[in-house]
Amino acid sequence: MALLIENIQKLVLAEENPRLLVKGHEMADLPCVDDAWLFITEDKIADFGKMKNLDKTALLSKTKEVTVLNAAGKMVFPSFVDSHTHLVYPASREIEYVDKIKGLSYEEIARRGGGILNTARRMQEISEDELFESALQRLDEITAYGTGAVEIKSGYGLTTESELKMLRVIRRLKETSPLTIRATFLGAHAVPLEYKGRQTAYVDKVINEMLPQIAEEKLADFVDVFCDKGFFTTEDTARILEAAQKYGLRGKIHANELDYSGGIQTGVKYNALSVDHLEYTGDEEIAVLKNSETMPTVLPGAAFFLGMVYAPARKMIDAGLPVAMASDFNPGSAPSGNMQFILSMASIAYRLLPEEAIYATTLNTAYAMGISDRLGSIARGKTANVFITKKIPTVEFMPYAFGSNKVETVILNGKIIKQEIC
Ligand code: NIG
Ligand code: FE
């Protein structure tokens, strides 16, 4: 099985020497090949080059069953990598945001049964099959928008049984979906009602009851904590990260969304793979991140939907940091997993150049999932997760034309998953 895509107007983020992440001013330098071809064998990128150097006869004679696609006027991108989502959830929460429009505070909404605890309540009632089917539909939707890999968190269970249920659903999604999926255990997402006033006891339960079972069943690749004002403290977070380290689980932390919470510093101290949200990031946090292997990850969808201040992504890049941008797809603060919208937000709202925005949503998010050696760019030997665009005039058109789906053909693991004829 092989696939030859020829006459590609532009092959985007095509690396001769693959890197695990890109930071600072390097993010403005996007390697592309004009008038290109791309050759995929089995599930891997075999080769690419310029049309004028394509020896098609030699290529086709070496391989049996080659499908040839003509991408004249179109571009080929590496699939988006969405390194932060909560897309396994029982029901949407649109009434809450209408309440917000009407002026209700977060506390009032919570008292009416809203927020994370609302989703957690419904999580106890839903069957594993229903949860799985609805998540699979969401995966289909994000696939059509060009996502090829996604991280999914638990955190709406908040009981051992329901956290395990969520993580087992994610395991089934891994087995069923062509997307590359990583699972994150987020037991410390909110303090459940029955533990009100006894937060430390709940953290004890996360560490002593939930984590061992999850590790035993190998249900998680990472661990997360909502380390922020009104949620979990830096001490809680340190305890959970330390316990997770014993099971070989690295952190991916919700940090500094609501305040200068110390979450970034704690994440870096425990060598978290990423710290995410980052609306409250100052010079001190930037300095800490500079001496780390932790990927600063911004979630534009949540900031947009909740009307928050935007994280200083421009300043981070100018300070020499890498930046990743993910969707945060969840029913409360970001009910969309459309990474093309995130690409547009990155560029339009956060002032990233289109080149920087492309790195932020592909290679750097792949790093934030620990998979950038295999995904996140077009390079020989990498997994063939790419999409072919509709006819578009320039690379810049991708973030510029926000709101419309510019993806025409999706290729995952070397197979054509979706092809739109237009
Ligand atoms: O990433 N910030 C914490 N958690 C989610 C929101 C979850 C919810 O409201 O359901 C987030 O934005
Ligand atoms: Fe989140």
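Owing to the predicted nature of the structure, the values given are computational and were not obtained by experimental measurement. Counting starts from 1 at the beginning of each chain's written sequence and moves along it residue by residue. Note on labels: chains are lettered from A, ligands numbered from 1, in written order. Selection of residues for local features in this predicted model requires a pLDDT of at least 70, selection of side-chain atom pairs for listing and counting requires 80 or more, and totals for whole chains, interfaces and linings are taken over all residues. Note: side-chain values were computed over all heavy atoms of the structure, leaving out hydrogens and water.

(A) Quick peek at the coordination of the iron ion (ligand 2). Listed donor atoms are N, O and S within 2.8 Å of the metal (Na, K and Ca: 3.2 Å). As water is not included, a site may look incomplete. Surrounding the iron ion (ligand 2) are the protein donor atoms H84 (NE2), H86 (NE2), H254 (NE2) and D328 (OD), at 2.1 to 2.3 Å. For the iron ion (ligand 2), the single-chain donor residues occur in sequence as H-x1-H-x167-H-x73-D. On the criterion of sequence distance, the pair formed by H86 in the loop between strand 6 (80-82) and helix 2 (94-101) and H254 in strand 10 (residues 250-255) is long-range, its members being 168 residues apart. The exposure classification of H86 matches that of H254, with both residues buried. Runs of H or I in DSSP of at least four residues are treated as helices and runs of E of at least two as strands, each being numbered from the N terminus. Each residue is placed in one exposure class: buried if its accessible area under a 1.4 Å probe, protein chains only, is under 20% of its type's maximum, exposed if it is over 50%, and partly exposed if it falls in between.

(B) Main features of the environment of P335. Looking at the secondary structure, you find P335 in the loop between strand 13 (324-325) and helix 13 (339-348). Look at P335 and you get partly exposed, because its relative accessible area is 44%. Considering only alpha carbons, one finds P335 and N70, 265 residues apart in sequence, at a separation of 35 Å. Once you skip the residues sitting within four places of it in the chain, P335 turns out to touch F305, F329 and N330. The contact rule is simple, with two residues in contact once any of their heavy atoms fall within 4.5 Å.

(C) Structural view of the pattern of salt bridges. Salt bridge, as used here, is a side-chain nitrogen of Lys or Arg placed within 4 Å of a carboxyl oxygen of Asp or Glu. By the definition in use, this model includes 19 salt bridges. For R314, the salt bridge goes to D318, with nearest N and O atoms at 3.0 Å. In this pair, R314 and D318 both sit in helix 12 (residues 313-318), four residues apart, roughly one turn of the helix. By relative accessible area, R314 is classed as partly exposed at 24%. Put simply, D373 and R374 hold a salt bridge, and the shortest N to O gap is 3.3 Å. We classify R374 as partly exposed; its relative accessible area is 36%.

(D) Molecular detail of the packing of helix 5 (residues 128-144) against helix 6 (residues 160-176). Relative orientation of the contacting elements helix 5 and helix 6 amounts to 50 degrees, with a least axis distance of 10 Å. One element, helix 5, and the other, helix 6, form an angle in the oblique class. In this structure, the crossing between helix 5 and helix 6 has a hand that is right-handed. Only K165, R168, V169, R172, L173 and T176 of helix 6 make contact with helix 5, whose side of the interface consists of E128, D129, L131, F132, A135, L136 and L139. Note on residue classes: Ala, Val, Leu, Ile, Met, Phe, Trp, Tyr, Cys and Pro are nonpolar, Asp, Glu, Lys and Arg are charged, and everything else, Gly too, is polar. Broken down by class, the residue content of the contact of helix 5 with helix 6 amounts to seven nonpolar, one polar and five charged. Axes here mean lines fitted to C-alpha atoms, for a helix over just the part in contact, with angles spanning 0 to 180 degrees between N-to-C directions. In this scheme, roughly parallel covers angles under 35 degrees and roughly antiparallel covers those over 145, while 65 to 115 is roughly perpendicular and the rest are oblique. Crossings are classed by handedness, with left-handed meaning an anticlockwise turn of the near helix from the far one by less than a right angle and right-handed meaning a clockwise turn.

(E) Geometry of the packing of aromatic side chains. Side-chain rings of Phe, Tyr and Trp, where Trp is taken by its six-membered ring, are said to pair if the distance between their centres is within 6.5 Å; with planes under 30 degrees apart they count as stacked, over 60 as edge-to-face, and otherwise as tilted. Under the defined criterion, the tally for this structure stands at 11 aromatic pairs. Ring geometry for Y310 and Y350: centres 4.8 Å apart, planes at 40 degrees, overall tilted. Remark: Y350 occurs in the loop between helix 13 and helix 14 (354-361) and Y310 occurs in the loop between helix 11 (300-306) and helix 12; sequence separation between them is 40 residues. Accessibility expressed as a relative area gives 34% for Y310, which makes it partly exposed. By way of ring pairs, the aromatic residues F77, F80 and F387 are connected into one cluster. Its end group placed over the ring of Y89, R138 keeps NZ or CZ at 3.6 Å from the ring centre. Should the NZ of a Lys or the CZ of an Arg lie within 6 Å of a ring centre and within 35 degrees of the ring normal, that charge is described as sitting over the ring. Geometry around F132 places R172 over its ring, the cationic atom sitting 4.0 Å from the centre.

Distances and angles like these do not, on their own, reveal function.
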